[in-house]
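In case you want the letters, here they are:
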Amino acid sequence: EDQVTQSPEALRLQEGESSSLNCSYTVSGLRGLFWYRQDPGKGPEFLFTLYSAGEEKEKERLKATLTKKESFLHITAPKPEDSATYLCAVKGTSGSRLTFGEGTQLTVNP
Amino acid sequence: KAGVTQTPRYLIKTRGQQVTLSCSPISGHRSVSWYQQTPGQGLQFLFEYFSETQRNKGNFPGRFSGRQFSNSRSEMNVSTLELGDSALYLCASSLEGYRNTGELFFGEGSRLTVL
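Rules used throughout
- Residues numbered from 1 in each chain as written.
- Chains lettered and ligands numbered in written order.
- Predicted model: local features only at pLDDT ≥ 70, side-chain atom pairs only at ≥ 80, totals over all residues.
- Heavy atoms only, no water.
- Pairing = 2+ DSSP bridges.
- Helix = DSSP H or I, 4+ residues; strand = E, 2+ residues; numbered from the N terminus.
- Axes fitted to C-alpha atoms, helices over the stretch in contact; angles between N-to-C directions.
- Buried < 20%, exposed > 50% of the residue type's maximum accessible area, 1.4 Å probe, protein only.
- Contact = heavy atoms within 4.5 Å.
- Buried area = accessible area lost by both parts, 1.4 Å probe.
- Nonpolar A, V, L, I, M, F, W, Y, C, P; charged D, E, K, R; others polar.
- Disulfide = S-S within 2.5 Å.

K.L.:
Whenever I open this one, the sheet that holds strand β7 (residues 62–66) of chain A confuses me. Can you help?
P.N.:
Strand-to-strand pairing in sheets goes through backbone hydrogen bonds, with the strands running parallel or antiparallel. Residues and elements named next belong to chain A. The 5 strands are arranged β1-β3-β8-β7-β6 in an open sheet whose pairing can be described as antiparallel. Each edge of the sheet is formed by a strand with only one pairing partner; in this case those strands are β1 (3–7) and β6 (56–59). Recorded for the sheet is a direction-independent mean angle of 15° between the axes of neighbouring strands. Across 6 bridges, strand β3 (residues 19–26) lies against strand β8 (residues 70–75) in antiparallel orientation. When the sheet's bridge partners are listed, S20 is paired in β8 with H74.

Given below as structure tokens:
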């Protein structure tokens, strides 16, 4: 059974204070690792897909990296508008479903 | 390009009632998945439909069912509602075929409260 664990559960940063979110996973044949952002009361918004160890993707202040056991979402010089819950999910060979972690709730204070 | 549309956005039901939620996928997307999101369990997979056929099913009781129409629109139904069914129900669509990169695109969700 695919499993995803995210840490920390919650993270509070000052504006400009860079940090990283962790996503550890076990999956039978990784077909993709996905990062989403979710704002309160809204559906998850797609950010990145990573397919193989060593792969990196960037978007504005966010950078996602992938190893064989975990993924990191690095946030450089965050702004208050980056405050959200960040979700990690994996797709294995056992089907088309995504298995999600519980998410990291990020708060960036001005 | 319009995103995934879910209706209704909010609804309140009482125990024992049933509810039907609707989802219109992104134009051209033929795969529709449903997830339940609760504070304690996170996002849990309910089922996936492709070309009007259920392709995958999660570990939910038979009270949870769904279907997909020929225009790819999907509905899910929950019968004999229980208090624990209170959740945000999310629909997601994805592109199939050679351009499929696996991403799901989610709607805003339907917030169900069971009293």
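From this point, things continue past the structure.
K.L.:
Whenever I open this one, unusual backbone geometry confuses me. Can you help?
P.N.:
With the exception of glycine, the majority of residues adopt a negative phi angle, and the majority of peptide bonds are in the trans configuration. Residue P8(A) is reached from S7(A) by a cis peptide bond, and omega for that bond is -10°. In this structure, P8(A) sits in the loop between β1 and β2 (10–14). Each neighbour pair has its own omega, and for T7(B) with P8(B) the value is -10°, a cis peptide bond. On the secondary structure map, P8(B) appears in the loop between β1 (5–7) and β2 (10–13).

K.L.:
Just checking my understanding: could you explain the environment of R111(B) for this structure?
P.N.:
Residues and elements named next belong to chain B. Looking at the element boundaries, R111 is found in strand β11 (residues 110–114). Residue classification places R111 among the partly exposed residues on the basis of a relative accessible area of 36%. For the pair R111 and L90, spaced 21 residues apart in the sequence, the C-alpha separation amounts to 8.8 Å. Excluding residues within four positions of it along the chain, R111 makes contact with R9, Y10, L11, A87 and L88.

K.L.:
Would you explain the interface of chain A and chain B in this entry?
P.N.:
Accessible area lost when the parts come together is the quantity often used to give the size of an interface. On the side of chain B, 24 residues touch chain A, which itself brings 18 residues to the contact. Each partner contributes to the roughly 1,600 Å² buried at the junction of chain A and chain B, and carbon and sulfur atoms together form 46% of this total. Of all the elements, strand β4 (residues 32–38) of chain A adds the most residues to the side of chain A that touches chain B, at 3 residues. For the side of chain A that touches chain B, the per-class residue count stands at 8 nonpolar, 6 polar and 4 charged.

K.L.:
Looking at this structure, how should I read the state of the cysteines?
P.N.:
By definition, a disulfide links two cysteine residues through a covalent bond between their sulfur atoms. Evaluation of the coordinates by the stated rule reveals 2 disulfides over all chains. One disulfide bridge connects C23(A) with C88(A), the sulfur atoms lying 1.9 Å from each other. Looking down the S-S bond of the C23(A) and C88(A) bridge, the torsion is -60°, so its handedness is left-handed. Pair noted here: C23(A) is in strand β3 and C88(A) is in strand β9 (residues 84–91), with a separation of 65 residues, a long-range link. With a relative accessible area of 0%, C88(A) lands in the buried category. Each sulfur of the disulfide joining C23(B) and C91(B) lies 1.8 Å from the other. Between C23(B) and C91(B), the S-S dihedral sits near -60°, and the bridge is therefore left-handed.

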